[in-house]
Amino acid sequence: MGYALKETEYRYRAYTKNGVWQVGKLTTDKYISIHEGSNVFHYGQALFEGLKAYKTKAGKIQLFRPDLNFIRINEGLRRLVAPELPEDLFFAAIIEVVKANQDDIPEYGNGQSLYIRPFVIGQGMNLGVKPSDEYLFSVFCAPVGTYFAGGLQALDFVTTDYDRASANGTGQVKVAGNYAASLYPRSIAKSAGYAGVIYLDPLTHSKIDEVGAANFFGITHDNVLVTPQSSSILPSITKRSILYIAEHMLGMKVEERDCFIDNISEFKEGGACGTAAIITPLKSVTHKGKVTQFGDGKVGSTIKKIYDILVGIYYGDIEAPEGWIREIK
Ligand code: PLP
Ligand code: COI
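Residue numbering note: each chain is counted from 1, following its sequence as written. Working convention: letters from A go to chains and numbers from 1 go to ligands, in the order in which they are written. The model is predicted, so local features are restricted to residues of pLDDT at least 70 and side-chain atom pairs to those at 80 or more, both for listing and for counting; the totals for chains, interfaces and linings are taken over all residues. Hydrogens and waters are ignored; side-chain quantities use all the structure's heavy atoms.

Caption draft 1: Up close: the packing of helix α5 (residues 237-249) against helix α6 (residues 301-314). Only C-alpha atoms enter the line fits that serve as axes; for helices the fit covers just the stretch in contact. Angles between N-to-C directions range over 0 to 180 degrees. Helix and strand assignments come from DSSP, with helices taken as H or I runs of at least 4 residues and strands as E runs of at least 2, each series counted from the N terminus. Put simply, α5 and α6 touch, their axes get as near as 10 Å, and they point 115° apart. Taken together, the axis directions place α5 and α6 in an arrangement best described as roughly perpendicular. For the element pair α5 and α6, the recorded crossing hand is right-handed. Counted together, T238, S241, I242, I245 and M249 of α5 and I306, I309, L310, I313 and Y314 of α6 form the full contact between these two elements. Classes in brief: Ala, Val, Leu, Ile, Met, Phe, Trp, Tyr, Cys and Pro nonpolar; Asp, Glu, Lys and Arg charged; the others, Gly included, polar. Residue classes in the contact of α5 with α6 are distributed as eight nonpolar, two polar and no charged. Every angle not falling under 35 degrees, over 145, or within 65 to 115 is termed oblique; those three ranges are roughly parallel, roughly antiparallel and roughly perpendicular. By convention the crossing between two helices is left-handed if the near helix lies anticlockwise of the far one by an angle smaller than a right angle, and right-handed if it lies clockwise. Should any heavy atoms of two residues lie within 4.5 Å, those residues are counted as being in contact.

Right under this line is the structure:
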């Protein structure tokens, strides 16, 4: 089951008819039966999102910035020449799935949450390379703990010569093929004992791009939060939130700019951030055999402060900036 702690009972399915999304419904069927000639099997016309529902101390259920997942899934659909999802369908599916599976939302206080996975696939017989005529949109969910090791713990990462995405390719959207491309470099890093890989920019391999399925950020010795700007990384909602927290809640200077791997020691702390990764501090980065450790190898104090605010907002312990939280009633 990988990252999931258990399977849940209900999922939502909706289909297109003549290229137009139709209202869908909940089902308990975990299996999808589609034509063997479907684009999802051959030409990778598949896209997903990831967001979480959290239970607050008072027992409320809340989503973190789901409006940004909605915008991003439609950016991805445009890139895949698939019909964009209407906002009411996207939210109805998520809300219905969360409510139907609400007994499986982990209780407040144990660091767990309900991971929600919306996805779209191109289906129907289609042998030539062209966009599908028919699509499925589905949402399922599963309770999860932390993606990397348990709790807030600093981990070792290694750079790779492989690319997950090309400079003008599909790195900025959550298309399935990016993740297929990441499996081999990930497996090499895992077998060598690392928590995961650091991708470098595909054109020059001199700048940090991403940390597996998470964005990179570093804290310089004079306490500036820096995160890469690149055409091949996924624009992370967590990263955007961390930039805001650092700048507006902690009064830090923030920069989006190149992070040269040969200058990694400009950072006293390094982190990976994402919905699944939350904030995972980097203990060290190994690049071409050279190990650079951040600070004393423990969780740095600035990352800890940002983490506490972010997680406080997730679980309703800290007041969120305007529009970040959507309660499910
Ligand atoms: N980068 C990649 C490749 C990802 O798959 C994810 C996960 O969604 C992220 C970064 C983090 O993005 P977000 O914070 O929006 O979850
Ligand atoms: C996410 O953080 O939502 C991801 O996409 C990471 C992963 C589970 C693929």
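Caption draft 2: Representation of the site of ligand 1 in the model. Among the 16 residues in the neighbourhood of ligand 1, the closest are listed as Y179, E210, S236, T238 and T275. Whenever a nitrogen or oxygen atom comes within 3.5 Å of another N or O atom, the pair is scored as a polar contact, on the condition that within protein one atom can donate a hydrogen and the other can accept it, and that pairs from neighbouring residues in sequence are kept only if both atoms are in side chains. Residue E210 places a side-chain N or O atom 2.5 Å away from a nitrogen atom belonging to ligand 1. For ligand 1, an oxygen atom lies 2.6 Å from a polar atom in the side chain of S236. In this description, accessible areas are obtained by the Shrake-Rupley approach with a 1.4 Å probe, and a residue is regarded as covered only by the protein chains that are shown. Computed on the free molecule, ligand 1 has an accessible area of 390 Å², of which 97% lies beneath the protein chains in the complex. Taken together, the elements giving at least two residues each to the shell around ligand 1 come down to α5 and β15 (267-274). A class-by-class count of the residues in the shell around ligand 1 yields six nonpolar, six polar and four charged. What makes a residue near a molecule or strand is one non-hydrogen atom of that residue sitting within 4 Å of it.

Caption draft 3: Spatial organisation of the site of ligand 2. Around ligand 2 sit F48, G50, Y115, R117, Y147, K174, A213, T275 and A276, and that is every residue in its neighbourhood. The side chain of K174 places a nitrogen or oxygen atom 2.5 Å from an oxygen atom of ligand 2. One of the backbone nitrogen or oxygen atoms of A276 is found 2.8 Å away from an oxygen atom of ligand 2. Bound to the protein, ligand 2 loses 89% of the 280 Å² it would expose on its own. Looking at the shell around ligand 2, its residues break down into five nonpolar, two polar and two charged. Note: domain ranges come from an automatic or database domain assignment. In terms of domain composition, the shell around ligand 2 takes at least three residues from each of domain 1 (11-144) and domain 2 (155-314).

Caption draft 4: Main features of a nonpolar patch on the surface. Patch definition: residues with relative accessible area over 30% and no salt bridge; like charges joined within 9 Å; nonpolar side chains (Val, Leu, Ile, Met, Phe, Trp, Tyr) joined within 5 Å. When a carboxyl oxygen of Asp or Glu lies within 4 Å of a side-chain nitrogen of Lys or Arg, that pair is called a salt bridge. Together, Y43, M125, L127 and V129 line one region of the surface with nonpolar side chains, adding up to about 460 Å² of accessible area. Its location among the elements puts L127 in the loop between β7 (113-123) and β8 (134-144). According to the relative accessible area criterion, L127 is exposed, its value standing at 62%. Buried residues are those whose accessible area, probed at 1.4 Å on protein chains only, stays under 20% of the maximum for their type, while exposed residues exceed 50% and partly exposed ones sit between those limits.

Caption draft 5: Region of the structure containing the pattern of salt bridges. The final tally for this structure, using the stated rule, is 12 salt bridges. With a closest N to O distance of 2.6 Å, K6 and D104 form a salt bridge. Placement of K6 in the segment before β1 (11-17) and of D104 in the loop between α3 (87-100) and β7 is noted, with a sequence separation of 98 residues between them. Taking relative accessible area as the criterion, D104 reaches 18% and is therefore assigned buried. The closest approach of N and O atoms between K55 and E107, which form a salt bridge, is 3.1 Å. Taken as a pair, K55 in strand β5 (residues 51-55) and E107 in the loop between α3 and β7 lie far apart in primary sequence, 52 residues in all. Among the charged side chains, a network of salt bridges with common partners joins K253, E255, R257 and E266.

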